[in-house]
Amino acid sequence: MKLTVVGCSGSFPSAESACSSYLVEADGFRLLLDMGNGALGELQRHCGLYDLDAIFLSHLHADHCIDMCGYFVARYYRHDGRCDPLPVYGPEGTEHRLTTAYADTPSASSMSEVFDFHTVKPSTFEIGPFLVHTERVAHPVEAYGIRIEHGGRTLTYSGDTGVSPALDDLARDADLFLCEAAFTHGKENIPDLHLNGREAGETAARAGARRLILTHIPPWTDPQINLTDARGVYAGPVGLAAPGTTYEI
Ligand SMILES: [Zn+2]
Ligand SMILES: [Zn+2]
């Protein structure tokens with residue numbers, strides 16, 4: 001598997017990065033995890049506008065899904081003809097949420113003409129060549145973490161979450177654990193909203209993950225503090241997500 005960080009800024013974009021979006025590729029199949037603010041532009045640095053094979057939306061907060069509105073335009077009004085429906089996996093209500101955010105789609109079902117919506121529940125299923133496992137994580141809205149397996153290797157993405165036993169299970173023995181660390185230890189502590197660097201590290205340690213990449217750090221947070229906090233509790237390699245970075249898993 002190849003992972004490309006399209007955008008990794010938490011909650012709102014920074015001058016350097018779009019919001020959450022990650023491209024996962026294997027066997028020529030391209031799966032995009034989330035499409036937050038600014039991600040659609042950045043995505044075009046890494047693959048063609050129409051080269052995605054599936055999209056997974058971890059939850060419906062704007063910083064994870066709002067560029068789907070722009071992507072609707074690109075697919076619906078394509079000069080060479082309307083695109084076929086692209087599989088989109090998201091929580092209950094994804095189509096309604098995106099249709100409402102867009103505000104004036106030609107009809108209430110226009111999104112479905114270019115997106116094939118699948119409602120995510122905690123389960124195990126296949127997306128192209130990937131075996132994926134989804135679990136509810138701890139966030140104010142219905143939110144999912146995802147474990148992606150291919151060729152004997154595993155990538156886990158936390159989505160947005162506070163401390164969660166389900167996340168521990170998803171990250172069990174993962175080769176790469178892409179984990180949010182939006183909060184700073186000792187500064188912010190709101191249960192069931194976000195992890196801090198220390199909690200991300202503790203989760204990776206409990207799960208036995210082999211590598212930890214911290215992501216979803218907002219522009220107002222010093223990422224070096226979260227990196228140091230994670231390293232203090234997790235012995236494996238830890239890094240910070242950065243736009244354009246790729247990982248072979
Ligand atoms: Zn978020
Ligand atoms: Zn969120």
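Now for a description of the structure that goes with this document. Every residue gets a number counted from 1 within its own chain, in the order that chain's sequence is written. Labels follow written order: the first chain is A, the first ligand is 1, and so on. With pLDDT at 70 or above as the cut-off, local features in this predicted model cover only qualifying residues; side-chain atom pairs require 80 or more to be listed or tallied, and sums for whole chains, interfaces and linings still use all residues. Only hydrogens and water are removed before side-chain values are computed, so all heavy atoms of the structure are retained for them.

**Things to note about the coordination of the zinc ion (ligand 2)**
Around the zinc ion (ligand 2), the protein supplies His59 (NE2), His61 (ND1), His139 (NE2) and Asp160 (OD) as donor atoms, at distances of 2.2 to 2.4 Å. Nitrogen, oxygen and sulfur within 2.8 Å of a metal are treated as its donors, or within 3.2 Å for sodium, potassium and calcium (Na, K, Ca); water is not counted, so a site can appear incomplete. Donor residues for the zinc ion (ligand 2), ordered by position in the chain, follow H-x1-H-x77-H-x20-D. Separating the zinc ion (ligand 2) from the zinc ion (ligand 1) is a distance of 3.5 Å, and Asp160 supplies a donor atom to each of them. Of this pair, His59 sits in the loop between strand E4 (54-56) and helix H2 (62-65) while His139 sits in the loop between strand E8 (130-136) and strand E9 (144-150); the two residues are 80 residues apart in sequence, bridging distant segments of the chain. The pair His59 / His139 is uniform in exposure class, with both members buried. In this description a helix means any DSSP run of H or I spanning at least four residues, a strand means any run of E spanning at least two, and both kinds are numbered starting from the N terminus. Remark: exposure states derive from per-residue accessible area (1.4 Å probe, protein chains only) relative to the maximum for the residue type, with buried under 20%, exposed over 50%, and partly exposed in between.

**Let's talk about the pattern of salt bridges**
Here, a salt bridge means any side-chain nitrogen of Lys or Arg that lies within 4 Å of a carboxyl oxygen of Asp or Glu. Applying the stated criterion across every chain, the model contains 10 salt bridges. Arg30 is the salt-bridge partner of Glu25, the closest N and O atoms lying 3.3 Å from each other. Residue classification places Arg30 among the partly exposed residues on the basis of a relative accessible area of 24%. A salt bridge links Asp175 to Arg153, with the nearest nitrogen and oxygen atoms 3.4 Å apart. Of this pair, Asp175 sits in the loop between helix H6 (165-170) and strand E11 (176-180) while Arg153 sits in strand E10 (residues 153-157); the two residues are 22 residues apart in sequence, bridging distant segments of the chain. For Arg153, a relative accessible area of 38% gives the class partly exposed. Each of Arg153, Asp175 and Arg210 takes part in salt bridges that share partners, so that together they form one network.

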